[in-house]
Amino acid sequence: NEYDGAMEDFTNVGNEARIFPPVSAKLFAGAALVSDPIKVQWWNLHQLNECHPSLVKVPTMVIAGDQDPYAPMQTQAELFTNLGRGVDRVWSIIANADHAVHLSDERHRFVENMISFLETPCDENAEATDA
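No experiment lies behind these values; they were computed from the predicted model shown.

The rules behind the values
- Within each chain, residues carry numbers counting from 1 in the order of the written sequence.
- Residue-level local features of this predicted model are given only where pLDDT is at least 70; pairs of side-chain atoms are given and counted only at 80 or more, and the full residue set underlies all totals for whole chains, interfaces and linings.
- The side-chain figures draw on all heavy atoms in the structure; neither hydrogens nor water molecules are used.
- Only Phe, Tyr and Trp rings are paired, with Trp represented by its six-membered ring, and only when their centres lie within 6.5 Å; those with planes under 30 degrees apart are stacked, over 60 edge-to-face, the remainder tilted.
- Ring-over charges, as used throughout, are those where CZ of Arg or NZ of Lys falls within 6 Å of the ring centre and within 35 degrees of the ring normal.
- What counts as a helix is a DSSP run of H or I of at least four residues, what counts as a strand is a run of E of at least two, and both are numbered from the N terminus.
- Buried, partly exposed and exposed residues are distinguished by accessible area as a fraction of the type maximum, computed with a 1.4 Å probe on protein chains only: under 20%, between the cut-offs, and over 50%, respectively.
- The contact definition used throughout considers only heavy atoms, calling two residues in contact when any of these lie within 4.5 Å.
- A pair of strands is considered paired only if DSSP assigns at least 2 bridges between the two.
- When the strands point away from the viewer and the connection leading from the first strand across the helix to the second strand turns clockwise, the crossover is called right-handed.

Draft legend 1. Region of the structure containing the packing of aromatic side chains. Under the defined criterion, the tally for this structure stands at 1 aromatic pair. Sitting over the face of the ring of Phe 80, Arg 89 holds its NZ or CZ atom 4.9 Å from the ring centroid.

Draft legend 2. Molecular detail of the side chain of Thr 60. Mapped onto the secondary structure, Thr 60 falls in strand S1 (residues 60-65). A relative accessible area of 15% places Thr 60 in the buried class. With residues near it in sequence (within four places) discarded, Thr 60 still touches Leu 83, Asp 88, Arg 89, Val 90 and Phe 117.

Draft legend 3. Representation of the environment of Met 7 within the structure. Within the fold, Met 7 resides in the loop between helix H1 (3-6) and helix H2 (22-35). Leave out the neighbours within four places in its chain, and Met 7 touches Ala 25 and Ala 29.

Draft legend 4. Molecular detail of unusual backbone geometry. With a phi angle near 55°, Asn 96 is a residue other than glycine that sits in the positive phi range. Inspection of the secondary structure assignment puts Asn 96 in the loop between strand S2 (89-94) and helix H4 (107-119). Owing to a relative accessible area of 66%, Asn 96 belongs among the exposed residues under this scheme.

Draft legend 5. Fine view of the pairing of S1. The buried fraction of S1 is high, at 5 of 6 residues. With 6 bridges joining them, S1 and S2 adopt parallel strand pairing. Each residue of the ladder has a partner; that of Val 62, found in S2, is Trp 91. With respect to chirality, the unit in which S1 leads through helix H3 (residues 73-81) into the neighbouring parallel S2 is right-handed.

Spelled out as structure tokens, the structure:
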């Protein structure tokens, strides 16, 4: 992985500018290189077969933006539907957000969804979706 690869989350997609505070983008890229020096190609899901979602046996939240160019809705749906059975799971879709909403000026929506999941007793999280 290289700096440019780590900065891909901050690349403009289409005609709409994605606005991220420059400091956030640089800090994210630097941390990504330290913690994950090997870049996974997410569109090649077979690379992740050793981490099959069916092996997840803890309450899980899949959270993403509906405009995510790196994890399209079909990919998110495949991940969510293949999570292990018998555990609570939530698929939270943040409208008009992309892959790095947690670093954008709209990160409060990501935080609100995460807090809601963490504060909800496990039996109330079961198979819920949030639009």
